[in-house]
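Residues per chain are reported as follows:
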Amino acid sequence: MYVVKSPLPDDDLKTVSEALQGALVDLVDLSLVAKQIHWNVVGPRFRSVHLQLDEVVDTARLHSDTVAERASTLGVSPDGRAGTVASSSGIGQVPDGWVKDTDAVGALVDALGAVITRMRERVGATGDADPVSQDIFIQITADLEKHHWMFQAENG
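Residues numbered from 1 in each chain as written. Predicted model: local features only at pLDDT ≥ 70, side-chain atom pairs only at ≥ 80, totals over all residues. Heavy atoms only, no water.

Structural notes on the environment of Ile116
For clarity, the cut-off: Secondary structure counts use DSSP, requiring at least four H or I residues in a row for a helix and at least two E residues in a row for a strand, with both numbered from the N terminus. The contact criterion used is simple: two residues touch if any of their non-hydrogen atoms lie within 4.5 Å.
For Ile116, the location among the structural elements is in helix H4 (residues 101-126). Expressed as a C-alpha distance, the spacing of Ile116 and His148, which sit 32 residues apart in the sequence, is 8.8 Å. Leaving out residues up to four positions away in the same chain, Ile116 has contacts with Thr141, Leu144, Glu145 and His148.

What follows is the structure, given as structure tokens:
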């Protein structure tokens, strides 16, 4: 059921809605992964890594809301439920228990890399179908790539 009708043609809407849903799932999971590691990081760089992880959480949460609201704008119901996120995220498992600061940084480099790869695919997929959504994906990718760079620099 569509409560809101999109001006996009059906084929374009299908492409864009799949991209938006995938981005939502990845961003919600990224915020959860970063928060999980945030709570469990230990080591000499605890404070700096701990604070840097919250920056990723804030970015992921901000962008997940933008993505979900874009989907709603186009008449597509966003699905950020735990089961949906768990079954379709592109982020691998993170370690449980305490996480040494260097391992925490490595886990975030991997998680960000996975999300960035999928986000770049969405940039390509939505260019013709909906440049407005593509622009959102471009901004998200830029912000995530900045975090990716900073975490890579942490472990030099």
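Some points on the pattern of salt bridges
The following threshold applies: Any carboxyl oxygen of Asp or Glu that lies within 4 Å of a side-chain nitrogen of Lys or Arg is treated as forming a salt bridge with it. Whether a residue is buried, partly exposed or exposed follows from its accessible area with a 1.4 Å probe, protein chains only, as a fraction of its type maximum: under 20%, in between, or over 50%, in that order.
Counted according to the given criterion, the structure contains 11 salt bridges. Residue Lys14 is joined to Glu18 by a salt bridge in which the shortest nitrogen-to-oxygen separation is 2.4 Å. Placement of the pair is Lys14 and Glu18 together in helix H1 (residues 10-40), with a separation of 4 residues, close to one helical turn. Since its relative accessible area comes to 48%, Glu18 is described here as partly exposed. Residues Glu145 and Arg120 are paired through a salt bridge, measuring 2.8 Å at the closest nitrogen-oxygen approach. Separated by 25 residues along the polypeptide, Glu145 in helix H5 (residues 131-155) and Arg120 in helix H4 bring together distant segments of the chain. Through salt bridges with shared partners, a single ionic network connects Arg45, Lys100, Asp101 and Glu154.

Quick look at the side chain of Ser64
By secondary structure assignment, the location of Ser64 is in helix H2 (residues 46-73). In this view, Ser64 contacts Leu24, Leu27 and Val28; residues no more than four positions away in its chain are not counted.

A short note on the packing of H4 against H5
The test is simple: Where helices are involved, their axes are fitted lines through C-alpha atoms of the stretch in contact, as for all axes, and angles between N-to-C directions lie from 0 to 180°. The cut-offs work like this: below 35 degrees is roughly parallel, past 145 is roughly antiparallel, 65 to 115 is roughly perpendicular, and the gaps in between are oblique. For a crossing to be left-handed, the near helix must be turned anticlockwise from the far one by less than a right angle; the clockwise case is right-handed. Nonpolar residues are Ala, Val, Leu, Ile, Met, Phe, Trp, Tyr, Cys and Pro. Charged residues are Asp, Glu, Lys and Arg, and all others, Gly as well, are polar.
Interaxial distance between H4 and H5 falls to 8 Å at its minimum, and their mutual angle equals 160°. If you check the angle between H4 and H5, you find them roughly antiparallel. Of the two elements, H4 crosses H5, and the hand of that crossing is left-handed. Looking at side-chain class alone, the contact of H4 with H5 contains 14 nonpolar, 11 polar and 4 charged residues.

Here's the deal with the layout of surface pockets
Selection criterion: Computed over the protein atoms alone on a 1 Å grid, cavities are sets of points where a 1.4 Å probe fits but cannot get out and pockets are open sets with protein on both sides within 12 Å along at least five of seven lines; a residue lines them when it has an atom within 4 Å of a point. Grid points are joined across faces, edges and corners, and a volume is the space filled by probe spheres set on the points.
The space that makes up the largest pocket amounts to roughly 210 Å³. Taken together, Asp29, Leu32, Val33, Gln36, Trp39, Val85, Ala86, Ser89, Ile91, Gly92, Gln93 and Val94 make up the full set of residues lining the largest pocket. The set of elements that each furnish at least two residues to the lining of the largest pocket consists of H1 and helix H3 (82-88). When grouped by side-chain class, the residues that make up the lining of the largest pocket number 7 nonpolar, 4 polar and 1 charged.

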